[in-house]
Amino acid sequence: MNAEAGNDALDNLLTEERTFPPPPELVAQANVTEDTYAQAAADDEAFWAEQAKRLSWAKEPTEVVDWSNAPFAKWYADGELNAAYNCVDRHVEAGNGDRVAFHFEGEPGDQRDITYAQLKDEVSQAANALIELGVQAGDRVAIYLPMIPEAVVAMLACARIGAPHTVVFGGFSADALAARINDCGCEVVITADGGYRRGKPAALKPAVDKALESTPGVRSVIVIRRTGEETPMTEGRDVWWDDIVGRQSTEHTPQAFPAEHPLYVMYTSGSTGKPKGILHTTGGYLVGTAYTHWATFDLKPESDVFWTAADIGWVTGHSYLVYGPLANGATSVMYEGTPDTPHQGRWWEIIDKYGVTILYCAPTAIRTFMKWGHEIPEKYDLSSLRVLGSVGEPINPEAYVWYRHYIGGDRTPVADTWWQTETGMHMISPMPGVADGKPGAAMRAVPGISVEVVNDEGQPVGNGKGGYLVVTKPWPAMLRTLWNEDERYVETYWSRFPGMYFAGDGAKRDDDGDIWLLGRVDDVMNVSGHRMSTTEIESALVSHPKVAEAAVVGATDETTGQAIVAFVILRGEAGDGGPEIVQELRNHVAQEIGAIAKPRSIMVVAELPKTRSGKIMRRLLRDVAENREMGDVTTLQDSSVMDQIKGGMSASS
Ligand code: 6R9
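Throughout, a residue's number is its position along its own chain's written sequence, starting from 1. With pLDDT at 70 or above as the cut-off, local features in this predicted model cover only qualifying residues; side-chain atom pairs require 80 or more to be listed or tallied, and sums for whole chains, interfaces and linings still use all residues. Side-chain measures here rest on the full set of heavy atoms in the structure, leaving out hydrogens and waters.

## Remarks on the UniProt feature "binding site: Mg(2+)" (unreviewed entry) in the chain
- UniProt positions are given in the numbering used here, feature names are shortened, and annotations may be inferred rather than shown by experiment. The feature "binding site: Mg(2+)" (unreviewed entry), as given by UniProt, occupies Val-542, His-544 and Val-547 in the numbering adopted here.
- Within the secondary structure layout, Val-542 lies in helix H16 (residues 534-542).
- Only protein chains enter the area calculation, which uses a 1.4 Å probe; residues under 20% of their type maximum are buried, those over 50% are exposed, and those in between are partly exposed. Judged by relative accessible area, Val-542 falls into the buried class, the value being 1%.
- Not counting chain neighbours up to four residues away, the residues in contact with Val-542 comprise Asn-396, Glu-398, Val-547, Ala-548, Glu-549 and Ala-550.
- In this structure, Val-547 sits in strand E28 (residues 547-557).
- Looking at Val-547, the relative accessible area reads 0%, which means it is buried.
- Contacts are assigned to residue pairs with any non-hydrogen atoms lying within 4.5 Å of each other. Aside from chain neighbours lying at most four places away, what touches Val-547 is Leu-541, Val-542, Val-568, Ile-569, Leu-570, Arg-571 and Leu-585. Secondary structure elements are taken from DSSP: a helix is a run of H or I of four residues or more, a strand is a run of E of two residues or more, and numbering for both begins at the N terminus.

## Considerations on the packing of helix H4 (residues 83-96) against helix H5 (residues 116-132)
- A fitted line through C-alpha atoms represents every axis, and for helices the fit uses only the stretch in contact; the resulting angles, taken between N-to-C directions, go from 0 to 180 degrees. Remark: H4 packs on H5, axes separated minimally by 9 Å, with the N-to-C direction vectors making an angle of 140 degrees. Relative to H5, the element H4 lies oblique. Here the hand of the crossing between H4 and H5 comes out left-handed. Judged by residue contacts, Cys-87, Val-88, Asp-89, His-91, Val-92 and Asn-96 of H4 engage Tyr-116, Ala-117, Leu-119 and Lys-120 from H5.
- In this classification, Asp, Glu, Lys and Arg are treated as charged, Ala, Val, Leu, Ile, Met, Phe, Trp, Tyr, Cys and Pro as nonpolar, and every other residue, Gly included, as polar. When its residues are assigned to classes, the contact of H4 with H5 shows six nonpolar, two polar and two charged. For classification purposes, an angle smaller than 35 degrees is called roughly parallel, one larger than 145 roughly antiparallel, one from 65 to 115 roughly perpendicular, and anything else oblique. By convention, the crossing between two helices is left-handed when the near helix turns anticlockwise from the far helix through less than a right angle, and right-handed when the turn is clockwise.

## Section: the sheet that holds strand E21 (residues 451-454)
- Only strands joined by at least two bridges in the DSSP assignment are considered to pair. Across the sheet, which stays open at both edges, the four strands sit in the order E21-E22-E24-E25 with antiparallel pairing between neighbours. Looking at the sheet topology across the chains shown, the edges are occupied by E21 and strand E25 (515-520). Taking the axes of each pair of neighbouring strands and ignoring which way they run, one obtains an average angle of 45 degrees across the sheet.
- In this sheet, E25 lies alongside strand E24 (residues 501-509) in antiparallel orientation, the contact comprising four bridges. Across the sheet, residue Asp-505 finds its bridge partner in E25, namely Arg-520.

## A look at empty space enclosed by the protein
- Grid spacing is 1 Å over the protein atoms alone, the probe is 1.4 Å, and a cavity is where that probe fits but cannot get out, while a pocket is an open set with protein on both sides within 12 Å along at least five of seven lines and lining residues have an atom within 4 Å of a point. Grid points are joined across faces, edges and corners, and a volume is the space filled by probe spheres set on the points. A complete count under the given rule lists five cavities of 30 Å³ or more for this structure.
- Leu-14, Pro-397, Trp-516, Thr-535 and Ser-539 are, among the 14 residues lining the largest cavity, the residues nearest its centre.
- Counting residues per element, the ones that place at least two in the lining of the largest cavity are E25 and H16.
- Looking at the lining of the largest cavity, its residues break down into seven nonpolar, four polar and three charged.
- Source of the domain bounds: an automatic or database domain assignment. Split by domain, the residues of the lining of the largest cavity number at least three in each of domain 1 (24-498) and domain 2 (523-651).

## What about the environment of Leu-119?
- Take Leu-119: it is sitting in helix H5.
- With 22 residues separating them along the chain, Leu-119 and Gly-97 place their C-alpha atoms 9.0 Å apart.
- With residues up to four places along the chain from it excluded, the contact list for Leu-119 reads Val-88, Ala-101, Ile-114, Val-153, Leu-156 and Leu-326.

## Let's talk about the sheet that holds strand E19 (residues 387-391)
- Strand order in the open sheet formed by seven strands is E5-E4-E17-E16-E18-E19-E20, with mixed pairing between adjacent strands. Each end of this open sheet is capped by a strand with a single partner; those strands are strand E5 (111-115) and strand E20 (414-417). The average angle at which neighbouring strand axes cross in this sheet is 20 degrees, direction not considered.
- Pairing of strand E4 (residues 100-105) with strand E17 (residues 331-335), which is carried by four bridges, proceeds in the parallel orientation.

## Notes on the nonpolar core
- We define the nonpolar core as a collection of buried residues of types Ala, Val, Leu, Ile, Met, Phe, Trp, Tyr and Cys that are connected through side-chain atoms lying within 4.5 Å of one another. If you look at the biggest cluster of nonpolar residues, it comprises 117 residues, and the most contacted ones within it are Trp-48, Leu-156, Ile-190, Ile-312, Tyr-323 and Leu-326.
- Of all the elements, helix H6 (residues 149-160) adds the most residues to this core, at nine residues.
- With 29 residues, the next largest nonpolar core counts Tyr-335, Ile-376, Tyr-403 and Val-414 among its residues.

## Things to note about the environment of Ile-645
- Inspection of the secondary structure assignment puts Ile-645 in helix H19 (residues 640-652).
- Here the alpha-carbon distance between Ile-645 and Pro-149, two residues 496 residues apart in the chain, equals 37 Å.
- Beyond its immediate sequence surroundings of up to four residues, Ile-645 is in contact with Phe-567, Met-603, Val-605, Glu-607, Leu-608, Pro-609, Leu-621 and Val-624.

## Details of the site of the ligand
- Near residues are defined by distance, with any heavy atom within 4 Å of the molecule or strand qualifying the residue. Lining the immediate environment of the ligand, one finds 17 residues, of which Asp-416, Thr-417, Thr-421, Asp-505 and Arg-520 sit closest.
- Definition of a polar contact: a pair of N or O atoms within 3.5 Å, with one able to donate and the other able to accept a hydrogen when the atoms are protein atoms, and with sequence-neighbouring residues admitted only if both atoms are side-chain atoms. Between the ligand and the protein, one listed contact pairs an oxygen atom with a side-chain N or O atom of Trp-314 at 2.9 Å.
- One of the backbone nitrogen or oxygen atoms of Pro-394 is found 3.4 Å away from a nitrogen atom of the ligand.
- To measure how exposed things are, a 1.4 Å probe is used in the Shrake-Rupley method; for residues, cover is taken only from the protein chains shown. Here the ligand has 530 Å² of accessible area as a free molecule, and 94% of this is covered by the chains.
- Elements supplying a minimum of two residues to the shell around the ligand: helix H11 (315-327), E20 and E25.
- In the shell around the ligand, the residues fall into seven nonpolar, five polar and five charged.

## Observations regarding the packing of aromatic side chains
- Planes of paired rings set the category: under 30 degrees apart is stacked, over 60 is edge-to-face and the rest tilted, where pairs are Phe, Tyr or Trp rings (Trp by its six-membered ring) whose centres lie within 6.5 Å. Enumeration over the complete set of coordinates arrives at 33 aromatic pairs.
- Ring geometry for Phe-297 versus Tyr-320: centroids 6.2 Å apart, planes at 80 degrees, classification edge-to-face. Of this pair, Phe-297 sits in the loop between helix H10 (283-296) and strand E16 (305-308) while Tyr-320 is found in helix H11, placing the two residues 23 residues apart along the sequence. The same class applies to Phe-297 and to Tyr-320, which are both buried.

## Brief notes about the side chain of Thr-231
- Note that Thr-231 resides in the loop between strand E11 (220-224) and strand E12 (238-240).
- For Thr-231, a relative accessible area of 15% translates into the label buried.

## Details of the pattern of salt bridges
- Any Lys or Arg side-chain nitrogen located within 4 Å of an Asp or Glu carboxyl oxygen qualifies as a salt bridge. With the rule as written, the count across this model stands at 43 salt bridges.
- One salt bridge connects Asp-89 with Arg-160, and the closest N-O pair in it is separated by 2.9 Å. Of the two residues, Asp-89 is situated in helix H4 and Arg-160 in helix H6; the sequence distance between them amounts to 71 residues. The exposure classification of Asp-89 matches that of Arg-160, with both residues buried.
- Notably, a salt bridge pairs Arg-346 with Glu-349, separated by 3.8 Å at the nearest N-O pair. Note that Arg-346 and Glu-349 are positioned in helix H12 (residues 346-354) at a spacing of three residues, about one turn of the helix.
- Overlapping salt bridges, with partners in common, bring together Arg-367, Glu-393, Asp-523, Glu-538, Glu-549, Lys-610, Arg-618 and Arg-622 in one network.

## Some remarks on the domain arrangement of the chain
- If you check the domain split of the chain, you get domain 1 (24-498) and domain 2 (523-651).
- One C-alpha centre belongs to domain 1, the other to domain 2, and the line joining them spans 31 Å.
- With 23 residues of domain 1 at the contact, the number on the domain 2 side is 23 residues.
- The interface formed by domain 1 and domain 2 holds three salt bridges in total.

Structure below.
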């Protein structure tokens, strides 16, 4: 395809030499050791059969994986279990009913500790309420809520009665909600009057009312009172949560479902076309999330305080705020609001207050904290932290080092976890008690998982080379299909490289064979025949002391095919740029990577367009760079950002 780059799919540009060995105390009691990898590699089916013992099965599975109808997998197919029982009841039965499941912290400062025993009562009541509304196993329920404990209760109540849930991010519009409700065929919606965002109540129910104008299948809406704002209710359709859930019995006997019973559908936007409804089922998903939550974070459920600072409407919230931690009987923090309300130290105050030991968040948050300055976290006691995690995007080496140093006090390993809505569970991540961490690298497949980096022909690229990331064997928490779209499932993930799951990400192996993620292959730029990933050039920019965030895209160029256009956000102390900084940054990239990677133009901006999970939407920046009409902006977290950027573009050109 590309003569100069040979048979490799991507150029290998940036090298990073720093490594951080794990602290000896952690090594001494680590959940995962080098032996774990060896055992899993010797017999991965036996390994996953063993991990299934983390759950309580009503009927123990005798089968592990059934791949006879590939790529449609079945895991633990003859086993039966109840997901909510595994997440709640069994911990109470084991005598841990008084353990806190969630320290909930509302944005206005209200707080609530919910024990496993209380969670069991609330989930049972909510399950009884759904039954009263006629919800049966197999019926779909939409959940459109802020980050409040009832969101967890609602998910588990659905799981308890075998009704797959589809959680829609509370920041999405009425149209996005309606499209998901209709595609999934939901009959009931669970929502709230609103939630708190940036110090103010933000209404949710009006968006539901608007969505329901075009969703004929919905018959009931349950509304949680969170803000107490006046909220219109539709007679015969809408009921208050307190009214219908509050009066139910706290007794509900969970029924066991087959392991392959659908647990939930989560919609994720494709780069084009309608959102994909990722289907996860019960047994394999719970095994995969429980195992990785325990392994990647070196979880000690009796003593750790775990915090996934991510929204429940993102898969990270599903796997590592709800199912993984609860299956493991862990204590978690749940925070409703934004990191700068009422002040920019809110996260660090929460860590200090609850003694959080493991923090899991996205690089976008870390880069924002870098921009705000390290003086803010320095005011708090963060010494309880022992493991840090990152998810959602490649973490730039500079952001990793900042995170480890200012938040982790130079003690904590950083687990850079690569995975997707589709994979359901962590797939690539250093294990905190094993790896000598490399800033910016996800490093190595999780024990029991098989991945490869391949070239255009599907051959492994080998060390020191870049290509496409694929998964070469089925795994327990893998998506089973796309909701109602089996063909699209096969076409999207299994047709590019026959027999391998194509993740859509670029990756490289370094000289040690460790894996570095290089961003979406859709974003790859071809400059004079060199195929370059966005990640490495962005990381080179972020390694400049004046840069907090960077996004690069390829724009059509008459001479080079494509040219690199960069958008950067400067750190607080760096001022607002000017011509000198642009030249300084272009030279910096040339020095870090080489002249070939020098951006043609660099634009200093105040914000970048991002999704709910903090991913930069480069597609929109490409539209700006090529002076095109902008594409679909409905999944932007803040749609005014693009107007600001376009305004700045015309002012500076
Ligand atoms: C969990 C989640 C999946 C895409 C994935 C990749 C990017 C996630 C990453 C990462 C590099 C990491 N991604 N984690 N890239 N390093 N540690 O984010 O799911 O929202 O479905 O996104 O996110 O591009 O393909 P999802």
